[in-house]
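The chain contents come next:
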Amino acid sequence: MHLALDVMGGDHAPMEICRGAVLACREFQDLEIALVGQGPVVERTLEEIGHRDEKRLHIVHAEEIIGMDESPSVAIRKKRRSSMRIAMEMVRSREAEGCVSAGNTGAIVAGGVLVVGRIPGIERPALGAPLPVLNRVSLLLDVGATVRCKPIHLYQFAVMGEVYMRCIMGIQRPEIALLSNGEEEIKGDEVVMETRELLRKNSSHSFVGYVEGKDVPRGVADVVVCDGFTGNILLKFGEGIVHGVYDLLREEISRRLLPKVGMIFMIPMFKDIWRRFDYEQYGGTPLLGVDGAVVKAHGRSKATAISSALRVARDFARRKGVAMIREELVQRGDAP
């Protein structure tokens, strides 16, 4: 299993990205990783880490870096020697079976479409974020790849999300829901209503109807579908709530003696809860709809999160996720 890793993307590049590659190689004995980045910088970073597995870590030199504030489509087109673009070109040429980057989200989406290419029949890609909710892992898509959507786009997001949860996450019959501003059928705009009818017509889906924003953390469905603008806001709002509650608890505990004493007994419970909702354990966000395993890691990813993202890319490639989506489109008569 050969994966390409954009070493220069993310807030903690290149050190934490390289550490993540080392962790992934230790966990998966079948994994080989191409570290794509500025060669001398990557060499020095590996020396600082004190670990260099010559057989399973390979450096692929890339002169340029795509910054987080650059125009995505312009950067991916003009910076042909950037670490992100070269990693994606390796996927397109089948030198690598997948790639991972914690860099510019827009550039990853643009590169997925322009460099890797779309799966025939898929009109727009979708970023699917696995959410560790109360009673399951729920896939929210799209969370930023396609801002403005037509009903056919949302329908295809649902198809891809269902395939991902069934084939990659092992859920036999994933439940699909549409995010709306109410549970009643009269709610939602024209796009959401038309998507609802498309999903209803396809009896092979386990479609459970509309869900509201408050229902998502409760885990009412395995796949929650929405446009990329709404999904990104919902995802970032959820992240803010988690960190806000954590900071509030720390502040209140620091002001009182009894809670400090009580915390000694509650620390194991809090650690278990934090692990359960820690995004680093769930890795990256797969870019569904492109012709290869492309995974977006969080921009703040450290070593554990990068290792988890590499696991996601590895599993998607090993279980032939792209082929599964293709087959699903053919079976449903949606492929060209």
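Above this text is the structure in question.
I will try to describe carefully the structure that is included in this document. What you see is a predicted model; the values in this text were computed from it and never measured. Here, residues in each chain are numbered from 1, in the same order as that chain's written sequence. Per-residue local features of the predicted model are confined to residues with pLDDT of at least 70, and side-chain atom pairs are confined, for both listing and counting, to 80 or more; whole-chain, interface and lining totals are unaffected and use all residues. The side-chain numbers reported here are obtained from all heavy atoms of the structure, hydrogens and water having been left aside.

Another aspect to go through is the pattern of salt bridges. For this analysis, a salt bridge means a side-chain nitrogen from Lys or Arg found within 4 Å of a carboxyl oxygen belonging to Asp or Glu. Counted by the stated rule, this structure contains 14 salt bridges. Among the salt bridges present, the one from Glu70 reaches Lys79, with a minimum N-O distance of 2.8 Å. You can call Glu70 partly exposed: its relative accessible area is 24%. Arg85 is the partner of Glu89 in a salt bridge, and the nearest nitrogen-oxygen pair spans 3.0 Å. Of the two residues, Glu89 and Arg85 both sit in helix α4 (residues 83-92), four residues apart, roughly one turn of that helix. Looking at Glu89, the relative accessible area reads 21%, which means it is partly exposed. Classification of Arg85 by relative accessible area gives buried; the value is 8%. Sharing partners across several salt bridges, the network here consists of Glu212, Lys214, Asp215 and Arg218. Partly exposed residues are those whose accessible area sits between 20% and 50% of the maximum for their type, while under 20% is buried and over 50% is exposed, using a 1.4 Å probe and protein chains only. Under the scheme used here, helices are H or I runs from DSSP no shorter than 4 residues and strands are E runs no shorter than 2 residues, and both carry numbers assigned from the N terminus.

Another aspect to go through is the sheet that holds strand β6 (residues 137-141). Strand order in this open sheet of eleven strands is β3-β2-β1-β4-β11-β10-β5-β6-β9-β7-β8, and the pairing throughout is mixed. A single partner strand is all that each edge strand has here, and the edge strands are β3 (57-61) and β8 (206-211). Taking each pair of neighbouring strands and ignoring which way they run, the sheet shows an average axis angle of 25°. The rule for pairing is simple: two strands pair if DSSP sees at least two bridges between them. Examined bridge by bridge, strand β1 (residues 2-6) and strand β4 (residues 98-101) share three bridges and lie parallel to one another. If you follow Leu5 over to β4, its bridge partner there is Val100. Any two residues having at least one pair of non-hydrogen atoms within 4.5 Å are treated as being in contact. In this analysis an axis means a line fitted to C-alpha atoms, helices contributing only their contacting stretch, and an angle means the value between N-to-C directions, from 0 to 180 degrees. Packed onto the sheet, α4 meets β1, β2 (32-37), β3, β4 and β11 (293-296) and runs at close to 145° relative to β2. Along the sheet, helix α5 (residues 105-116) makes contact with β4, β5 (126-132), β10 (285-288) and β11, crossing β11 at roughly 170°.

Next up on the list: a nonpolar patch on the surface. Residues Phe237, Ile241, Val245 and Leu249 make up a contiguous nonpolar surface patch of about 370 Å² in total accessible area. Relative to the assigned elements, Leu249 resides in helix α8 (residues 228-254). When its relative accessible area of 39% is taken as the criterion, Leu249 is described as partly exposed. Patch definition: residues with relative accessible area over 30% and no salt bridge; like charges joined within 9 Å; nonpolar side chains (Val, Leu, Ile, Met, Phe, Trp, Tyr) joined within 5 Å. Only the protein chains shown count as covering a residue, and every accessible area follows the Shrake-Rupley method with a 1.4 Å probe.

Turning our attention to the packing of helix α1 (residues 15-27) against helix α2 (residues 39-49). The contact between α1 and α2 brings their axes to 10 Å, and the two run at 65°. The two elements α1 and α2 cross, and the hand of that crossing is right-handed. Residues Met15, Cys18 and Arg19 of α1 form the contact with α2, whose participating residues are Val42, Thr45, Leu46, Glu48 and Ile49. Partitioned by chemical class, the residues of the contact of α1 with α2 number five nonpolar, one polar and two charged. Working rule for handedness: look at the near helix, and if it is turned counterclockwise from the far one by less than a right angle, call the crossing left-handed; if clockwise, right-handed. Gly is placed with the polar residues, together with every amino acid not listed as nonpolar (Ala, Val, Leu, Ile, Met, Phe, Trp, Tyr, Cys and Pro) or charged (Asp, Glu, Lys and Arg).

Glancing now at the pairing of β10. Put simply, side chains in a regular strand alternate between the two faces of the sheet. Where burial is concerned, the two faces of β10 agree: the one with Thr285 and Leu287 and the one with Pro286 and Leu288 are both buried. Pairing geometry for β10 and β11, over two bridges, is antiparallel. If you follow Thr285 over to β11, its bridge partner there is Lys296. Counted along the chain from β10 to the antiparallel partner β11, the turn is four residues long, and its residue Gly289 has a positive phi close to 110°.

Glancing now at the side chain of Ser83. Looking at the secondary structure, you find Ser83 in helix α4. Other than its neighbours up to four places away in sequence, Ser83 contacts Asp6, Met8, Val36, Gly37, Ala62 and Glu64.

So, about the nonpolar core. Residues belong to a common nonpolar core when they are buried Ala, Val, Leu, Ile, Met, Phe, Trp, Tyr or Cys residues joined through side-chain atoms within 4.5 Å. In terms of nonpolar packing, the biggest core is built from 59 residues, with Leu5, Ile33, Leu35 and Val225 touching the most fellow members. The biggest single contributor to this core is helix α6 (residues 151-168), with eleven residues. Among all residues touching Ile33, those that are not within four sequence positions of it are His2, Leu3, Leu5, Ala21, Ala24, Cys25, Arg56, Leu57, His58 and Leu310. Within the second largest apolar cluster, 39 residues are counted, among which are Ala62, Ile66, Val116 and Ala145.

A separate point is the pairing of β1. For β1, a buried count of four out of five residues is recorded, marking the element as mostly surrounded by other parts of the structure. Strand direction decides the pairing type here: β1 and β2, joined by five bridges, are parallel. Residue pairing for β2: Leu3 is matched across the bridge by Ile33. Looking down the strands as they point away from you, a crossover is right-handed if its path from the first strand over the helix to the second goes clockwise. In terms of handedness, the path from β1 via α1 over to β2 forms a crossover that is right-handed.

What follows covers the side chain of Arg56. Checked against the element boundaries, Arg56 lands in the loop between α2 and β3. Side-chain polar atoms of Arg56 contact the backbone oxygen of Phe28, separated by 2.4 Å. Pairing of N or O atoms within 3.5 Å defines a polar contact, subject to two protein rules: one partner must be a possible hydrogen donor and the other a possible acceptor, and residues neighboring in sequence count only if both atoms are side-chain atoms. Of the polar contacts made by the side chain of Arg56, one reaches the backbone oxygen of Leu31; its length is 3.0 Å. Residues contacting Arg56, with those up to four places away along its chain left out, are Cys25, Phe28, Gln29, Asp30, Leu31, Glu32 and Ile33.

Here the focus is the packing of α4 against α5. In contact at an axis separation of 10 Å, α4 and α5 are set at 35° when each is read in the N-to-C sense. Pair α4 / α5 crosses with right-handed handedness. Two secondary-structure elements touch here, α4 through Met84, Arg85, Met88, Glu89, Val91 and Arg92 and α5 through Ala107, Ile108, Gly111, Gly112, Val115 and Val116. Of the residues assigned to the contact of α4 with α5, the class counts are seven nonpolar, two polar and three charged.

What is shown is where atoms sit, not what they do.
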